[in-house]
Amino acid sequence: MKKMMVWLLSGLMVMGSLVPVWAEGEDQDEYYMELCSRSDLSDAQKAECQDYITQQNAQLQKELSEIAAKRKELETNLAKVGEEIKNYDSQISTLNGQISTLNTQISEKEASIALLEEQIAAKEAEVDALRQKVEERLVRSQQTLHNNQFLDFLMGAEDFTDLLRRIQGLNDIMNYDKQSLEELNTLMQQLDADKQQLDADKQQLETDRASVEEKKAQVVAMKVLAEAAQEEYQRQQADLEAEGNQISGSLSTLQGMLNSLGLGSIESSSGWIRPASGRISAGTWYYGGGLNVNGGVHLGMDIANSIGTPIYAAGNGVILAAADGCSNDGYIGNACGEAQGGSRGGGNQVYLLTNIDGATYAVKYLHMSPGLSVSVGDIVSAGDQLGLMGASGNVTGAHVHVEVFRLGTMSIESYASSWNGDLAFGAGWGSSALSRICSNSGTPCRIRPESVFS
């Protein structure tokens, strides 16, 4: 009976940190914990303890039911928000594709217009030259007709053969004049058509440019909507993820494995190895970084890079837990990771127990690609590849999410043998974890990854 009451009260105390039950606070819990743990209770005291446990249990079940309902509501909301973000991203991608196509068409149209303008200039020069030649020929013809020189030319023939030759020559001259006039007319028609096409091309070019600017404005609007949806997701996400964290399964089997590995031989590392190359896309404690930022709780550092970027062990240590089997098509609200033995929405994940500069830490890696390079129980050295960056689980893009827990000065072997399977390592989950930051709390606690990874 004593063990049962201690177990129930311990459970109630643990859950009390998440769901406050008594307005009086910790004093009442401590009173009953001390009272009901004794073995020399009177019948009245036993009845008092039984009443307390019954009341606490009923209240606890009520609160747990409310949490379950809230979790379901949040899951629905997050799925909706996730679909909105995917829709916005899809529309933005489509618009950017249209803008790129239009810009290509504009460049081609500009080159075509420049070539057409050169052709028009050349034709204008040709028309001017031909026009001048025809005009000069007409002037000479008028002068010839006025002076009867054509007749003199024909009458000056020495014989009939010479007359025919002179008549043919005049005919050739007249045909040449006619051909020149026809060529001039054709060139002028082509020139007019080219100028009309040039005007049409320029109008289309202005229309395309206006369309590009319109689509750019649509992209900006879509990004604003996507960011608003993202902020809403961030406000809800951390506590929902906290609900989905769990105690690692098959703990007794795992501890038996760990105890047989000879973890005492693992040497402490000197300094930290950065988890992966890339940019920090989200900072620790809150999205955007810092403790005074309005936004969703974010308990780790996100390093963004392309899928397939190698991810490395921060130091010498052992793999305490791992989850694999999630695809790289993650989205907001994707719970993958929980069913695989990890934290909810974490996708493919690795938990490394390491000792660096004499202190023991746990490092949590989330959203990796399927096909991890390590498995539970593997002993690794600093810089060993754990897997590849991915986009698995509850994500909006390829990155690795890293959390760091300071566990104290005990050895890796000692901690592993006493680990209770908690994937938050006693440092809390969700917004409640902000009370377990190492700058204001003793171990186990969370440290900002940015402070140890350069």
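Since this is a predicted model, take the numbers as computed values, not measurements.

Things to note about the overall build of the protein
When helices and strands are tallied, the protein shows seven helices and 12 strands. When each of the 454 residues of the protein is scored for burial, the buried share is 39%. By element, 51% of the accessible surface of the protein is carried by carbon and sulfur atoms, the whole surface being about 23700 Å².

Here's the deal with the packing of aromatic side chains
For the structure shown, the criterion picks out five aromatic pairs. Between Trp 272 and Phe 453, the ring centres sit 5.5 Å apart and the planes meet at 85 degrees, which makes this aromatic pair edge-to-face. Of this pair, Trp 272 sits in the loop between α6 (251-259) and β1 (279-282) while Phe 453 sits in the segment after β12 (445-447); the two residues are 181 residues apart in sequence, bridging distant segments of the chain. On the basis of an interplanar angle of 50 degrees and a centroid distance of 5.1 Å, the ring pair of Phe 405 and Phe 425 is categorised as tilted. Linking Phe 405 in strand β11 (residues 399-408) with Phe 425 in the loop between α7 (412-418) and β12, this pair joins segments that are 20 residues apart in sequence. Each member of the pair, Phe 405 as well as Phe 425, carries the same accessibility label: buried. Each residue in the set Tyr 351, Phe 405, Trp 419 and Phe 425 is aromatic and connected to the rest through ring pairs, giving one cluster.

A look at the pattern of salt bridges
Inspection of the entire model under this criterion finds three salt bridges. Arg 344 is paired through a salt bridge with Glu 338; the nearest N and O atoms lie 2.8 Å apart. The salt bridge involving Glu 403 is made with Lys 364; its shortest N-O contact spans 3.7 Å. Taken together, the positions of Glu 403 in strand β11 and Lys 364 in strand β8 (residues 359-368) put the pair 39 residues apart, joining distant regions of the chain. Across this residue pair, the class does not change: Glu 403 and Lys 364 are buried. Each of Lys 364, Glu 403 and Arg 446 takes part in one network of salt bridges that share partners.

Digging into the pairing of strand β4 (residues 301-304)
Taking every second residue as pointing to the same face, both faces of β4 are buried, with Met 301 and Ile 303 on one and Asp 302 and Ala 304 on the other. One ladder, built from four bridges, connects β4 with β11; its direction is antiparallel. By the bridge assignment for β11, Ala 304 is matched with His 399.

Quick notes on the state of the cysteines
Enumeration over the complete set of coordinates arrives at two disulfides. Note that Cys 326 is cross-linked by a disulfide to Cys 336, the S-S spacing being 2.0 Å. Negative torsions about the S-S bond denote left-handed disulfides, and the value of about -95 degrees found for Cys 326 with Cys 336 makes this one left-handed. With a gap of 10 residues between them, Cys 326 in the loop between β6 (317-323) and β7 (348-356) and Cys 336 in the loop between β6 and β7 connect regions that are remote in the sequence. The side chain of Cys 438 participates in a disulfide bridge whose partner is Cys 445; the two sulfur atoms lie 1.9 Å from each other. Because the sign of the S-S torsion sets the handedness, a value of about 95 degrees for the bond joining Cys 438 and Cys 445 places this disulfide among the right-handed ones. Looking at Cys 445, the relative accessible area reads 1%, which means it is buried.

Quick word on the environment of Ala 276
Along the polypeptide, Ala 276 turns up in the loop between α6 and β1. The residues touching Ala 276, leaving out its near neighbours within four places in the chain, are Ile 303, Pro 310, Ile 311, Met 389 and Val 400.

A short note on the nonpolar core
Trp 272, Val 350, Tyr 365, Leu 386 and Val 400 are the most contacted members of the largest nonpolar core, which has 26 residues in total. Of all the secondary structure elements, the ones that give two or more residues to this core are β4, β7, β8 and β11. Sequence-distant contacts of Val 350, defined by excluding residues within four places in its chain, comprise Ile 319, Ala 321, Ala 322, Val 363, Lys 364, Tyr 365, Met 368, Leu 372, Val 374 and Leu 386. Counting 20 residues, the second-largest nonpolar core is a separate cluster that includes Tyr 351, Leu 353, Ala 362 and Leu 366.

A word on unusual backbone geometry
Across the junction of Thr 443 and Pro 444, the peptide omega takes the value -5 degrees, indicating a cis bond. Its place among the elements puts Pro 444 in the loop between α7 and β12. Look at Trp 285: it is not a glycine, yet its phi comes out positive at around 85 degrees. Structurally, the position occupied by Trp 285 is in strand β2 (residues 285-286). Residue classification places Trp 285 among the buried positions, given a relative accessible area of 2%. Positioned with a positive phi, Asp 357 is a non-glycine residue whose angle comes to about 55 degrees. With respect to the element layout, Asp 357 can be found in the loop between β7 and β8.

Here we look at the confidence of the model for the protein
Close inspection of predicted coordinates is inappropriate in any region flagged by low pLDDT. Of all residues in the protein, 61% attain a pLDDT of 70 or more, and the chain-wide mean is 75. Ignoring residues within four places in sequence, the model shows residues 1-26, a span with pLDDT below 50, making 30 contacts including any to other chains. Predicted confidence is poor over residues 290-294, with pLDDT under 50, and the contacts of this stretch with residues over four places away or in other chains come to eight contacts.

Criteria and thresholds
- Residues numbered from 1 in each chain as written.
- Predicted model: local features only at pLDDT ≥ 70, side-chain atom pairs only at ≥ 80, totals over all residues.
- Heavy atoms only, no water.
- Helix = DSSP H or I, 4+ residues; strand = E, 2+ residues; numbered from the N terminus.
- Buried < 20%, exposed > 50% of the residue type's maximum accessible area, 1.4 Å probe, protein only.
- Areas by Shrake-Rupley, 256 points an atom, 1.4 Å probe, with all protein chains shown as cover.
- Phe/Tyr/Trp six-rings, centres within 6.5 Å; stacked < 30°, edge-to-face > 60°.
- Salt bridge = Lys/Arg side-chain N within 4 Å of Asp/Glu carboxyl O.
- Pairing = 2+ DSSP bridges.
- Disulfide = S-S within 2.5 Å.
- Contact = heavy atoms within 4.5 Å.
- Core = buried A, V, L, I, M, F, W, Y, C linked by side-chain atoms within 4.5 Å.
- pLDDT = per-residue confidence, 0-100.

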